[in-house]
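Chain by chain, the residues run as shown.
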Amino acid sequence: MTEFLLLLLAHVLVDFYWQPTHWVADKKEKKYKSRYLYLHTLLVIIVSYIALHQWENPLPAIALGIAHGAIDLIKISFDKKGSLTWFIADQAAHLATIAFTALILTSSILSGFDTLITWFNTPKTLATLSGALLSLSPVSFLVGILTKPWREELSRLAPNADDNLASAGRWIGMSERLLIFVFVLVSQYSAIGFLIAAKSLLRYNDKSTEPGIPPAYISKKSEYVLVGTLMSYTCAIAVALMVQILSQKIK
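Residues numbered from 1 in each chain as written. Predicted model: local features only at pLDDT ≥ 70, side-chain atom pairs only at ≥ 80, totals over all residues. Heavy atoms only, no water.

(A) Summary view of the nonpolar core. Formed by 14 residues in total, the largest nonpolar core has its most connected members in Ile-180, Phe-181, Val-184, Ile-192 and Val-243. For this core, the secondary-structure elements that each account for two or more residues are helix 7 (123-135), helix 10 (168-185), helix 11 (189-199) and helix 12 (215-249). Looking at this core, the element that brings in the most residues is helix 12, giving 5 residues. Not counting residues within four places of it along the chain, the set of residues in contact with Phe-181 comprises Thr-128, Gly-131, Ala-132, Ser-135, Ala-236, Val-239, Ala-240 and Val-243. In this structure, Ala-158, Tyr-217, Ile-218 and Val-225 belong to the second largest nonpolar core, which totals 6 residues. (Core = buried A, V, L, I, M, F, W, Y, C linked by side-chain atoms within 4.5 Å. Buried < 20%, exposed > 50% of the residue type's maximum accessible area, 1.4 Å probe, protein only. Helix = DSSP H or I, 4+ residues; strand = E, 2+ residues; numbered from the N terminus. Contact = heavy atoms within 4.5 Å.)

Below is the structure:
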């Protein structure tokens with residue numbers, strides 16, 4: 001575990017703090033011809049070597065640095081728009097190589113995988129993961145179906161209103177439900193109250209003076225947001241409570 005944390009610290013420092021913006025831009029533009037790609041790889045090797053402080057054995061740091069550079073090259077070659085999917089895939093690949101290197105250093109690859117499989121196959125873990133996933137997209141679809149009549153009513157009131165960012169409401173809802181799910185599992189119900197209070201600060205700009213936006217739209221939009229929020233919170237709390245009950249019964 002110590003080796004993993006040391007390599008993780010080195011990765012965070014090199015990838016997010018010691019990689020200037022112009023390095024990233026040059027890598028995206030020139031791909032494998034960018035000198036900063038190789039300089040970044042060398043920096044990963046050096047910092048990883050220092051972090052591990054196994055002076056007689058530089059091979060793990062060298063292997064990790066080369067793997068890091070290869071992963072970065074794949075990302076900049078295929079990720080044209082800087083998408084979230086590629087960012088997550090890139091970091092997941094880095095974490096996987098760090099974990100693999102740490103397991104080799106501790107000579108516990110098989111036992112490490114056995115521990116991971118044993119943890120994953122426990123009913124509590126499966127219930128928690130299933131509950132977390134259920135709280136995200138499935139609940140989004142459910143709330144979307146339940147609130148559809150009010151969205152249609154708002155569209156009729158102000159057909160030309162453009163006061164929402166694309167998919168922002170869906171991502172906000174999933175983030176809130178995930179937080180609530182975690183808060184319930186760790187019995188931090190007061191934190192849910194804090195989240196509700198923070199959400200209550202949400203205010204919509206007054207559009208009553210704008211052409212084509214009737215005054216009724218403002219109040220009905222606020223009610224729509226309130227209904228959707230309460231539905232979302234209720235589902236997240238219900239799922240978390242079910243996971244808690246299942247976890248207690250199947251210990």
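(B) How the structure looks around the side chain of Ser-232. Examined against the element boundaries, Ser-232 turns out to sit in helix 12. For Ser-232, the side chain forms a polar contact with the side chain of Arg-177, separated by 2.8 Å. Not counting chain neighbours up to four residues away, the residues in contact with Ser-232 comprise Val-143, Gly-173 and Arg-177. (Polar contact = N/O pair within 3.5 Å; in protein donor to acceptor, adjacent residues only side chain to side chain.)

(C) The side chain of Gln-91, seen in detail. The topology assignment puts Gln-91 in helix 5 (residues 84-105). Looking at Gln-91, its side chain comes within polar contact range of the side chain of His-11, at 2.8 Å. Within the structure, the side chain of Gln-91 is placed 3.1 Å from the side chain of Asp-90, a separation counted as a polar contact. Setting aside chain neighbours within four positions, we find Gln-91 in contact with His-11, Asp-15 and Phe-16.

(D) Structural context of the confidence of the model for the protein chain. For the protein chain, per-residue confidence averages 85 on the pLDDT scale, and residues scoring 70 or more make up 89% of the total. Per-element confidence in the protein chain ranges from a low mean pLDDT of 70 for helix 6 (residues 109-120) to a high of 94 for helix 3 (residues 35-52). Every residue in residues 204-209 is under pLDDT 50, and counting partners more than four places away or in other chains gives 11 contacts. (pLDDT = per-residue confidence, 0-100.)

(E) Summary view of the packing of aromatic side chains. Going through the model one piece at a time under the given rule, you end up with 4 aromatic pairs. Centre to centre, the rings of Tyr-49 and Trp-55 are 5.4 Å apart; their planes meet at 80°, and the pair counts as edge-to-face. When its relative accessible area of 24% is taken as the criterion, Tyr-49 is described as partly exposed. Looking at Trp-55, the relative accessible area reads 51%, which means it is exposed. Aromatic side chains Phe-78 and Trp-86 sit 6.2 Å apart centroid to centroid with 10° between the ring planes, which places their arrangement in the stacked category. Judged by relative accessible area, Trp-86 falls into the partly exposed class, the value being 30%. (Phe/Tyr/Trp six-rings, centres within 6.5 Å; stacked < 30°, edge-to-face > 60°.)

(F) Expanded view of the packing of helix 3 against helix 4 (residues 59-78). Following both chains from N to C, one finds helix 3 and helix 4 inclined at 145°, their axes separated by 8 Å at the closest point. Considering only the axes of helix 3 and helix 4, their crossing is right-handed. Residue-level contacts link Leu-37, His-40, Thr-41, Val-44, Ile-45, Ser-48, Tyr-49 and Leu-52 of helix 3 to Pro-60, Ala-61, Ile-62, Leu-64, Gly-65, Ile-66, His-68, Gly-69, Asp-72 and Leu-73 of helix 4. (Axes fitted to C-alpha atoms, helices over the stretch in contact; angles between N-to-C directions. Left-handed = near helix turned anticlockwise from the far one by under 90°.)

(G) The arrangement of the packing of helix 8 (residues 137-146) against helix 9 (residues 148-157) in detail. Interaxial distance between helix 8 and helix 9 falls to 4 Å at its minimum, and their mutual angle equals 55°. Considered as vectors, helix 8 and helix 9 are oriented oblique to each other. Here Gly-144, Ile-145 and Leu-146 of helix 8 lie close against helix 9, whose contacting residues are Lys-148, Pro-149, Trp-150 and Arg-151. In the contact of helix 8 with helix 9, the residues fall into 4 nonpolar, 1 polar and 2 charged. (Parallel < 35°, antiparallel > 145°, perpendicular 65-115°, else oblique. Nonpolar A, V, L, I, M, F, W, Y, C, P; charged D, E, K, R; others polar.)

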